[in-house]
Amino acid sequence: MTQYSLFITCPRGLEAPLSEELSGLDCTDIRAVDGGVSCRGTMEQVYRINLHSRTASRVLLRLGKGGYRNENDIYKLAKSINWFNWFTLEQTFKVKVEGKRANVKSLDFIGLKIKDAVCDAFRDIYDARPSVGKIRPDVRVHAFIGERDVQIFIDTSGEALFKRGYRQDTGEAPLRENLAAGLLLLAGYDGSQPFQDPFCGSGTLAVEAAWIATRRAPGLMRRFGFEKLQNFDKAAWVAIRQQAREQIRTAPVPISGSDNDRQMIRAAQANAEAAEVDDIIRWQMADAQDVRPNGEGGVMISNPPYGVRLAEVQALQALYPQLGSWLKQHYAGWLVGMFTGDREMPKYLRLSPKRKIPLYNGNLDCRLFLMDMVKGSNR
């Protein structure tokens with residue numbers, strides 16, 4: 001089977017868990033860089049990564065790579081690709097260009113050059129050109145322009161992979177699903193430990209924990225870009241999905257989420273129902289400090305509210321010592337992870353983290369603080 005060069009994008013900070021997922025799917029030549037992981041794999045592995053990866057954002061398959069001195073070199077590279085092996089004249093496409101230290105005047109202009117190259121490649125053969133689809137293109141083309149070379153990819157995912165298909169109501173600024181799953185994996189959560197989130201918001205962390213515990217592939221509810229490509233192997237895909245369905249099991253441990261906002265709990269319940277895990281997760285409307293463990297030796301991962309304005313920050317920092325006492329009093333033997341934009345949080349909780357993992361929530365520079373709770377453990 002043909003092996004392709006792949007680049008799998010992910011939220012910055014999740015390159016390590018993504019590399020582990022790819023290795024579990026038997027990909028080879030796995031190399032992490034900032035914001036993604038490159039590897040080699042067959043078309044069937046492309047299907048599996050899209051279906052099974054909890055942390056990936058997109059699975060890009062490389063069609064061309066070359067050096068460039070000017071815009072024209074990039075046009076030539078794009079035109080030399082056999083686009084008709086991948087999609088048809090009737091399908092719409094869209095080009096997206098990103099650059100790092102790119103030696104070009106404008107990335108937008110490069111996008112137009114690549115679009116022209118694709119159209120010209122079709123015109124040479126069919127005397128007609130495919131249309132550009134701005135909103136919902138059938139096919140997405142990605143180009144990455146470095147200092148000296150350019151890589152051109154076809155996107156096998158379609159919509160970004162964090163769009164699992166269960167989110168009903170997002171609340172204010174929810175965690176993206178793949179970032180939530182990544183926090184769980186970074187904390188070593190594997191579905192064998194009780195799980196709790198006392199600041200659950202719209203419930204993303206608890207839903208992702210339930211999917212890990214039930215071994216449910218995160219892509220089972222959605223469609224993918226590769227289903228529209230010319231070489232799509234429907235029989236192989238049906239078999240891969242069926243296999244994933246057969247892996248689903250009942251959750252071996254309790255999973256719960258709570259929040260002091262009734263509307264949030266309603267949103268979380270709706271999301272859990274859409275994700276088919278409403279029978280697994282126990283939701284509760286409660287202040288964090290009124291919540292008690294749902295088992296021994298569990299994992300708590302939370303994205304507590306963090307202030308942006310100074311007054312909010314000060315109000316929250318006044319609350320942190322109480323949260324610290326509550327954790328020490330009730331959660332001995334648990335691993336607690338707090339994902340926050342507030343670097344000072346452990347100091348105010350009066351807890352010392354065993355690990356501080358830098359991550360980005362969108363453009364927000366955050367930390368996942370992991371703390372082993374020991375009875376009455378002050379610093």
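Being a predicted model, the structure only gives us computed values, none of them experimental. (Residues numbered from 1 in each chain as written. Predicted model: local features only at pLDDT ≥ 70, side-chain atom pairs only at ≥ 80, totals over all residues. Heavy atoms only, no water.)

K.L.:
So what about the sheet that holds strand E2 (residues 28-33)? Which residues, and what values?
P.N.:
On the basis of which strands lie adjacent, the open sheet formed by 7 strands has the order E2-E3-E1-E4-E7-E6-E5 and mixed pairing. Each end of this open sheet is capped by a strand with a single partner; those strands are E2 and strand E5 (93-99). Looking at each pair of strands side by side, their axes are set apart by 25° on average, direction ignored. Both E2 and strand E3 (residues 36-41) contribute to a ladder of 4 bridges, which runs antiparallel. Within the sheet, the bridge partner assigned to Ala32 lies in E3 and is Val37. Relative to E5, helix H4 (residues 107-126) is tilted by about 140°, and along the sheet it contacts E5 and strand E6 (139-145). (Pairing = 2+ DSSP bridges. Helix = DSSP H or I, 4+ residues; strand = E, 2+ residues; numbered from the N terminus. Axes fitted to C-alpha atoms, helices over the stretch in contact; angles between N-to-C directions. Contact = heavy atoms within 4.5 Å.)

K.L.:
A description of the domain arrangement of the chain should follow, citing residues and the corresponding values.
P.N.:
Domain annotation of the chain identifies domain 1 (4-155) and domain 2 (177-216 + 248-373). For domain 1 versus domain 2, the distance between C-alpha centres works out to 35 Å. On the side of domain 2, 13 residues touch domain 1, which itself brings 10 residues to the contact. Across the domain 1 to domain 2 interface the summed buried area is about 950 Å²; carbon plus sulfur atoms make up 61%. Of all residues in domain 1, Arg12, Leu14 and Arg54 give up the largest surface area on contact with domain 2, accounting jointly for 64% of the area buried on that side. Where domain 1 touches domain 2, the interface holds 0 salt bridges. Our count for the domain 1 to domain 2 interface comes out at 5 residue pairs in polar contact (both at pLDDT 80 or more). Classifying every residue of the side of domain 1 that touches domain 2 by side-chain character gives 4 nonpolar, 3 polar and 3 charged. (Domains from an automatic or database assignment. Buried area = accessible area lost by both parts, 1.4 Å probe. Salt bridge = Lys/Arg side-chain N within 4 Å of Asp/Glu carboxyl O. Polar contact = N/O pair within 3.5 Å; in protein donor to acceptor, adjacent residues only side chain to side chain. Nonpolar A, V, L, I, M, F, W, Y, C, P; charged D, E, K, R; others polar.)

K.L.:
Give me the sheet that holds strand E9 (residues 255-259): which residues, what numbers.
P.N.:
Pairing in this open sheet of 7 strands is mixed, and the strands run E10-E9-E8-E11-E12-E14-E13 from one edge to the other. Edge positions in the sheet fall to strand E10 (281-285) and strand E13 (355-361), since each has one partner strand and no second. Across the sheet, the axes of successive neighbouring strands diverge by a mean angle of 20°, strand direction being ignored. Pairing analysis gives 7 bridges linking E13 to strand E14 (residues 364-372), with the strands arranged antiparallel. Bridge pairing in E14 links Ile357 to Leu368. This element, helix H5 (residues 177-186), spans strand E8 (195-197), strand E11 (299-302), strand E12 (335-340), E13 and E14 of the sheet and lies at about 170° to E13.

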